[in-house]
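Letter by letter, the chains look like this.
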Amino acid sequence: MIVRPRRSALFMPASNVRAVEKARSLDCDVVILDLEDSVAPDLKEAARDQAIAAASAGGFGHRELLVRVNALDTPWGADDCRAVADAGFAAVVLPKVSHPADLAAARTLLGSVPLWAMIETCAGMLDLPAIVASASANRLECLLAGTNDLAKEMRCAPGADRAPLLSHLAMIVTAARAAGLTALDGVCNVIEDGEILAAECAQGTRFGFDGKSLIHPAQIAAANRAYGPTTEAIAWADRIIAAFALPENADKGVIKVDGEMVELLHLEQAQRIAAMAGAIRGS
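My aim in this report is to walk through the structure given alongside it, one point at a time. (Residues numbered from 1 in each chain as written. Predicted model: local features only at pLDDT ≥ 70, side-chain atom pairs only at ≥ 80, totals over all residues. Heavy atoms only, no water.)

So, about the pairing of strand E5 (residues 115-119). Taken across its five residues, E5 has five buried, putting it largely inside the fold. Side chains Leu115, Ala117 and Ile119 project from E5 onto one buried face, and the interleaved Trp116 and Met118 project onto a second face that is buried too. Bridging between strand E4 (residues 91-94) and E5 involves three bridges; their strand directions are parallel. The residue of E5 that forms the bridge with leucine 94 is alanine 117. Taken together, E4, helix H4 (residues 100-110) and E5 constitute a β-α-β crossover, and its handedness is right-handed. Pairing of E5 with strand E6 (residues 140-145), which is carried by five bridges, proceeds in the parallel orientation. Following the sheet pairing, alanine 117 is matched in E6 by leucine 143. (Buried < 20%, exposed > 50% of the residue type's maximum accessible area, 1.4 Å probe, protein only. Helix = DSSP H or I, 4+ residues; strand = E, 2+ residues; numbered from the N terminus. Pairing = 2+ DSSP bridges. Right-handed = clockwise from strand over helix to strand, strands pointing away.)

Structure, rendered in structure tokens:
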């Protein structure tokens, strides 16, 4: 089983050369060079050039390097897609995905580079089944919850518990799982309060997200802790795998481990935990 850790996906403004250089040494799993929200209109074209230069220069090690383009209905979106199509990014993050047609339009501009879709509009929530149904045709790999924009469009006040968004978060994870995609939780806007970030990460893991979108390097450690397998989980996985590997259990669908009945579905969970732990150790 091959898995790729995506516990921490850090957005970095591509217009900030020093921040991009710093990203090469940070302990995040994914670096997303941003051309959209964090870049002022008069810096958009320069940021695009700097993102492409950073991808060409490399040096990001085990980190997946992505770029978030501007939405296609903006003056920069189409040019962004054309420019980054062959720049060597692992994937392109497309904001404001509301319908499968948005993915298809980007696909015609991007060639074969994979897509990650930000689900941050009410229309996108309502059309989630169709969006993920088009995943294969559009090389869609991941759904990112765009909680800030979604809350703005809904005119809701999420609060620390994010109560108005909980059903939407569950829907995003469900849609991602139905299509075999990665699902990343939205950003935490609070940087200085570690308890709020930790609570949000814990909430995201309960919902089943694979990782969290981040806006500051100080948030990386909390996300990596929350979304990485614990020592206890790894030990459990090792016991389950070892038990099913015994000759007497070779053809069994249900066995007893540590006094509990475990099934093949538990073996699959254990194999995924073990694969994730190995991938993290090797990064």
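Right, let's talk about the side chain of aspartate 34 for a bit. Take aspartate 34: it is sitting in strand E2 (residues 30-34). With relative accessibility at 2%, the residue aspartate 34 sits in the buried group. Among the polar contacts listed, one links the side chain of aspartate 34 to the side chain of arginine 68, at a separation of 2.7 Å. Discounting residues that sit within four places of it in the chain, aspartate 34 has contacts with Phe11, Met12, Pro13, Ala14, Val39 and Arg68. (Polar contact = N/O pair within 3.5 Å; in protein donor to acceptor, adjacent residues only side chain to side chain. Contact = heavy atoms within 4.5 Å.)

The next thing to look at is the nonpolar core. Leu33, Phe89, Leu140 and Leu143 are the most contacted members of the largest nonpolar core, which has 60 residues in total. Tallying contributions element by element places helix H9 (residues 166-178) first for this core, with five residues. Ignoring sequence-local partners within four residues, the contact set of leucine 143 consists of Ala117, Ile119, Leu128, Val132, Ile172, Ala175, Ala176, Leu181, Thr182, Ala183 and Leu184. (Core = buried A, V, L, I, M, F, W, Y, C linked by side-chain atoms within 4.5 Å.)

So, on to the packing of aromatic side chains. Scanning the entire structure with this criterion turns up zero aromatic pairs. Over the ring of tryptophan 76 we find lysine 44, and its NZ or CZ is 5.1 Å from the ring centre. (Phe/Tyr/Trp six-rings, centres within 6.5 Å; stacked < 30°, edge-to-face > 60°. Lys NZ or Arg CZ within 6 Å of the ring centre and 35° of its normal.)

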